[in-house]
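Per-entry structural report
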Amino acid sequence: MNNRSMSTRLFDHIDLRVRNRDAAQRFYAQVLPAIGFRVDKSGQQWGLFEAEGEGAVEFFVFEEADFHPNANRIAFWAPSREAVDRVGEVVRKAGAKNIEGPELCVEYSPGYYAVFFEDPDGNKLEVCHRESATVAE
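My aim in this report is to walk through the structure given alongside it, one point at a time. Because the structure is a prediction, the values reported are computed rather than measured.

Moving on, we come to the sheet that holds strand β8 (residues 124–129). Read across the sheet, four strands follow the order β5-β8-β7-β6 without closing on themselves; strand pairing throughout is mixed. With partners counted over all chains shown, the strands left at the sheet margins are β5 (73–77) and β6 (97–104), one partner each. Sheet twist, expressed as the average angle between the axes of neighbouring strands with direction ignored, equals 15°. Where strand β7 (residues 113–118) meets β8, six bridges bridge the pair, whose relative direction is antiparallel. What sits directly across from Phe116, in β8, is Glu126.

In structure tokens, the structure reads:
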């Protein structure tokens, strides 16, 4: 079976819980369109941003709830280092916390270039461009 023919995208959706829905809305309304989630379908309960397209598209959703900190990180794909740089500027202006990079991370794999940051609730996010497969140890 050829697994490459099974999917044209790398994830379906991301669902986060946040402490402050309004703060998260302000932050993600700036950051998510820069990544590619340009369709804002947010309502009273949920913040919801979709990728452009027809039918079932990737989406990013968040709602206010009791917060349970964790060490998860969500990484978004960027088509180039320049795209990583552009998003890095957007996350700075949006008020991201604990920003690292954009930087080359050869310890992950050759050509791995990324910006790492946290949203207002400390959720760990990354936008990366990889020129090769990851290197397993």
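Turning our eyes to something else, we now look at the nonpolar core. Counting residues in hydrophobic clusters, the biggest one holds 27 residues, and the most contacted among them are Tyr28, Phe60, Phe76, Phe117 and Val127. Secondary-structure elements contributing two or more residues to this core are β1 (13–18), α1 (21–35), β4 (59–64), β5, α2 (81–94), β7 and β8. Counting residues per element, this core draws most heavily on α1, which supplies six residues. What Tyr28 contacts, discounting residues up to four positions off in sequence, is Leu16, Pro33, Phe49, Phe60, Phe62, Asp119 and Leu125. Among the nonpolar cores identified, the runner-up in size contains five residues, and Cys105, Tyr112, Ala114 and Cys128 belong to it.

The subject of this paragraph is the environment of Tyr108. Tracing the backbone shows Tyr108 in the loop between β6 and β7. For the pair Tyr108 and Arg130, spaced 22 residues apart in sequence, the C-alpha to C-alpha distance is 9.4 Å.

This part takes up the packing of α1 against α2. With their axes 9 Å apart at the nearest point, α1 and α2 run at an angle of 175° to one another. Judged by the angle between their axes, α1 and α2 are roughly antiparallel. When α1 is examined against α2, the residues Phe27, Gln30, Val31, Ala34 and Ile35 are found in contact with a partner set consisting of Val87, Val90, Val91, Lys93 and Ala94.

Calculation criteria
Residues numbered from 1 in each chain as written. Predicted model: local features only at pLDDT ≥ 70, side-chain atom pairs only at ≥ 80, totals over all residues. Heavy atoms only, no water. Pairing = 2+ DSSP bridges. Helix = DSSP H or I, 4+ residues; strand = E, 2+ residues; numbered from the N terminus. Axes fitted to C-alpha atoms, helices over the stretch in contact; angles between N-to-C directions. Core = buried A, V, L, I, M, F, W, Y, C linked by side-chain atoms within 4.5 Å. Buried < 20%, exposed > 50% of the residue type's maximum accessible area, 1.4 Å probe, protein only. Contact = heavy atoms within 4.5 Å. Parallel < 35°, antiparallel > 145°, perpendicular 65-115°, else oblique.

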